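Geometric and topological summary
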Amino acid sequence: MYEKITPPTTGSKITFADGKPIVPDDPIVPFIRGDGTGVDIWPATERVIDAAVATAYGDRRKIHWFKVYAGDEACELYGTYQYLPEDTLTAIKEYGVAIKGPLTTPIGGGIRSLNVALRQIFDLYACVRPCRYYAGTPSPHKSPDKLDVIVYRENTEDIYLGIEWKEGSPIAEKLIHYLNAELIPATPEHGKKQIPLDSGIGIKPISKKGSQRLVRRAIEHAIRLPKPKNQVTLVHKGNIMKYTEGAFRDWGYELATAEFRADCVTERESWILGNKEKNPDLSVEDNARMVEPGYDALTDEKKAKVCQEVESVLTSIWETHGNGKWKDKVMVNDRIADSIFQQIQTRPDEYSILATMNLNGDYLSDAAAAIVGGLGMGPGANIGDTCAIFEATHGTAPKHAGLDRINPGSVILSGVMMLEYMGWQEAADLIKKGLAAAIVHREVTYDLARLMEPPVDPPLKCSEFASAIIRHFDD
Ligand SMILES: NC(=O)C1=CN([C@@H]2O[C@H](COP(=O)(O)OP(=O)(O)OC[C@H]3O[C@@H](n4cnc5c(N)ncnc54)[C@H](OP(=O)(O)O)[C@@H]3O)[C@@H](O)[C@H]2O)C=CC1
Ligand SMILES: O=C(O)CCC(=O)C(=O)O
Ligand SMILES: [Mg+2]
C-alpha cells in the first residue's frame with residue numbers, strides 16, 4: 001500500500017461519523033515535520049504532546065506517531081519535485097487526523113502551495129485560527145487581553161484555488177481579448193472598462209456552498225459559546241467585490257436566518273426589535289428611520305424597502321425573538337474587511353468569531369496573532385467532514401531554521417487544538433497550563449523575550465521552551 005513509509009505496528013485508526021472523529025485510546029496520527037523551522041518546532045511539539053498525554057492518562061492513552069513526508073524532506077526521500085508523495089496522501093486519508101509543520105511556497109513561480117493543496121485535496125473547508133491572549137505575553141498592543149477571537153476562514157476557494165495565467169501567456173492574452181471584446185461590452189454595468197493587455201489574470205470563485213458550509217461551522221461554534229461571545233461577524237469587501245465578497249455576506253445571513261432561525265438574530269433585526277421594545281408605539285417608518293442611517297434622504301423606493309424589512313422582522317420573529325429574547329441568541333453581524341482590521345485593535349472585545357473568505361482570513365489571522373504576542377502564538381486547524389489537519393498560522397521562517405531558537409508555541413497550541421478535537425481535554429489543558437506558566441515565569445523564546453520589559457536575556461531555545469512547558473504541568 002505504501003511505497004516508502006511504514007505505519008506504526010501498534011495503534012488504531014480514528015474514524016468519522018456525522019463529521020465528528022471517533023478516537024480510540026491508541027490513535028495513529030500522521031505528522032509532517034515541515035520545512036525551515038519545522039526541524040526545530042516539530043521535535044519540541046511531539047515531546048510536549050507526548051508528555052501531556054502521559055501525564056494526563058498514564059498508560060491508558062498514547063498517540064502512535066506516523067512520520068509522513070512533504071516539502072523538501074519528501075524530495076530527499078522520493079526524488080526531485082516529489083513534494084507531496086502519494087504515500088503521504090494515502091496515510092492522511094487512512095488515518096483522518098494529522099498535524100504538520102510549515103511548508104515552503106516559492107513566490108512568483110514554481111510549485112503552488114503544498115499547504116493549500118492539502119486543504120483542497122482533503123476538502124478541509126474550515127480553517128480555524130483562535131487568537132487569545134496568554135497573561136504575561138508581551139504585545140505591541142495596549143490591551144491584548146481584550147482580544148479573544150476565532151478566525152473561521154473558508155479554506156478551499158477564493159483566489160487560493162490558484163487559477164491564474166501569467167502575463168503574456170497565450171491563454172492570458174486570449175482571455176483578455178475575449179473579455180475586452182465580448183464579455184465586458186455585453187455587461188452594461190461595466191461601461192467602457194477594458195483590461196490592460198499586459199495583465200496577469202487570476203480568478204476569484206466564491207461559491208454559495210463553500211460560503212455557507214463555512215458559516216455553518218462558525219455558527220455551530222458560536223452556539224456553544226457563552227454570552228456575549230456567542231457572535232459571528234461576516235467579514236467581506238462586498239462594497240467593491242459585490243458578486244463574490246458581497247455574496248459571501250448575503251449567503252451568510254441567508255443561512256443564519258433560515259437554517260439557524262431559532263438560534264440567531266442579525267444585528268439589524270436586533271435594532272428593529274430593540275427599538276420596538278423601548279417604544280411599543282413606534283411606527284414602522286420611525287423604526288426604519290432609526291435603523292437606516294440617512295433614511296430621509298433615500299428615494300421613496302428605497303424607503304419602502306427599509307419599511308418592508310422592518311415590518312417583515314416584526315411579523316416574522318417578534319413572537320420568538322422579541323421582548324428581549326433576541327439577547328440570548330447568536331448575534332450575526334457583518335463588517336467590511338478593512339474596517340475589521342482596525343476594529344480588532346480599537347474595539348477588540350466586541351468581536352468573537354470572524355467568518356471570512358480565504359484571502360481575508362489569511363491576512364486577518366496574522367494580524368490578530370500579532371496583537372496577542374506574534375506568530376509564535378498563532379495556532380490553527382484545517383477541518384473537513386472526514387479529515388482534519390492541524391498546523392500553525394505562520395510559515396517556515398527560514399532565517400531562523402535549524403538554530404533551535406524559534407518559538408514552537410503555535411504548533412504546540414495547534415497540538416492542543418488537535419487534542420481537544422480528539423476529546424482529550426485533560427492533556428490539552430495541561431499544555432495550556434504549562435505554556436501559560438512558562439510565560440508568566442519569563443521562560444520564553446527570543447520573539448517574546450525581546451518584547452518583555454525588561455527584555456529576557458538570554459532567551460530560551462526552542463527545545464528549552466518545550467521543556468519549560470512540560471516542567472510547568474505541575475504548577
Ligand atoms: N501553513 C504554512 O505552512 C505556511 C507557509 N508559509 C510559507 O513559509 C515561507 C516563509 O514565509 P514568511 O513570509 O517568511 O512568513 P513566516 O510566517 O514564515 O515568517 C515571518 C516572520 O514571522 C515571525 N515568525 C514566524 N514564525 C514564528 C515562530 N514560530 N515564532 C516566532 N516568530 C515567528 C518571524 O519574525 P522575526 O524574524 O521578526 O522574529 C519570521 O521571520 C514562505 O514560503 C511561505 O509561503 C507561510 C505561511 C503559512
Ligand atoms: O501556503 C503558503 O505558503 C501560505 C499559506 C498561508 O499563508 C496561510 O495559510 O496562512
Ligand atoms: Mg498566512
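Residues numbered from 1 in each chain as written. Chains lettered and ligands numbered in written order. Predicted model: local features only at pLDDT ≥ 70, side-chain atom pairs only at ≥ 80, totals over all residues. Heavy atoms only, no water.

**Here we look at the side chain of asparagine 287**
- One can find asparagine 287 in helix α9 (residues 284-291).
- Classification of asparagine 287 by relative accessible area gives buried; the value is 1%.
- Excluding residues within four positions of it along the chain, asparagine 287 makes contact with Trp271, Ile272, Asn275, Lys276, Leu282, Val310 and Leu314. (Helix = DSSP H or I, 4+ residues; strand = E, 2+ residues; numbered from the N terminus. Buried < 20%, exposed > 50% of the residue type's maximum accessible area, 1.4 Å probe, protein only. Contact = heavy atoms within 4.5 Å.)

**What to know about the sheet that holds strand β15 (residues 388-390)**
- Within the open sheet, the 11 strands sit side by side as β4-β3-β5-β15-β14-β6-β7-β13-β10-β12-β11. Their pairing is mixed. Edge strands, defined here as strands with exactly one partner in the open sheet, are β4 (64-68) and β11 (264-266). For this sheet, the mean inter-axis angle between neighbouring strands, taken without regard to orientation, is 25°.
- Each of β6 (126-132), β7 (148-154), β10 (231-236), β11, β12 (330-336), β13 (353-356) and β14 (381-383) touches helix α6 (residues 208-223); the most contacted strand, β7, lies at about 155° to it.
- Set on the sheet, helix α12 (residues 358-371) makes contact with β6, β7, β10 and β13; between it and β7 the angle comes to about 155°. (Pairing = 2+ DSSP bridges. Axes fitted to C-alpha atoms, helices over the stretch in contact; angles between N-to-C directions.)

**Quick word on the site of ligand 1**
- In the vicinity of ligand 1 there are 24 residues, among which Gly395, Ala397, His400, Asn407 and Tyr446 approach most closely.
- Glutamate 391 is positioned such that a nitrogen or oxygen atom in its side chain is 3.0 Å from a nitrogen atom of ligand 1.
- Take histidine 400: an N or O atom from its side chain is 2.8 Å from an oxygen atom of ligand 1.
- Burial of ligand 1 by the protein amounts to 71% of the accessible area it has alone, namely 880 Å².
- Looking at the shell around ligand 1, the elements that each hand over two or more residues are α4 (114-121) and α15 (446-449). (Near = heavy atom within 4 Å. Polar contact = N/O pair within 3.5 Å; in protein donor to acceptor, adjacent residues only side chain to side chain. Areas by Shrake-Rupley, 256 points an atom, 1.4 Å probe, with all protein chains shown as cover.)

**Overview of the packing of aromatic side chains**
- The full count for this structure, using the stated rule, is 8 aromatic pairs.
- On the basis of an interplanar angle of 65° and a centroid distance of 6.2 Å, the ring pair of tyrosine 69 and tyrosine 78 is categorised as edge-to-face.
- According to the relative accessible area criterion, tyrosine 69 is buried, its value standing at 17%.
- Among the residues examined, tyrosine 78 registers a relative accessible area of 14% and is labelled buried.
- Each residue in the set Tyr2, Phe66 and Tyr95 is aromatic and connected to the rest through ring pairs, giving one cluster. (Phe/Tyr/Trp six-rings, centres within 6.5 Å; stacked < 30°, edge-to-face > 60°.)

The values reported here are purely geometric and, on their own, carry no functional implication.
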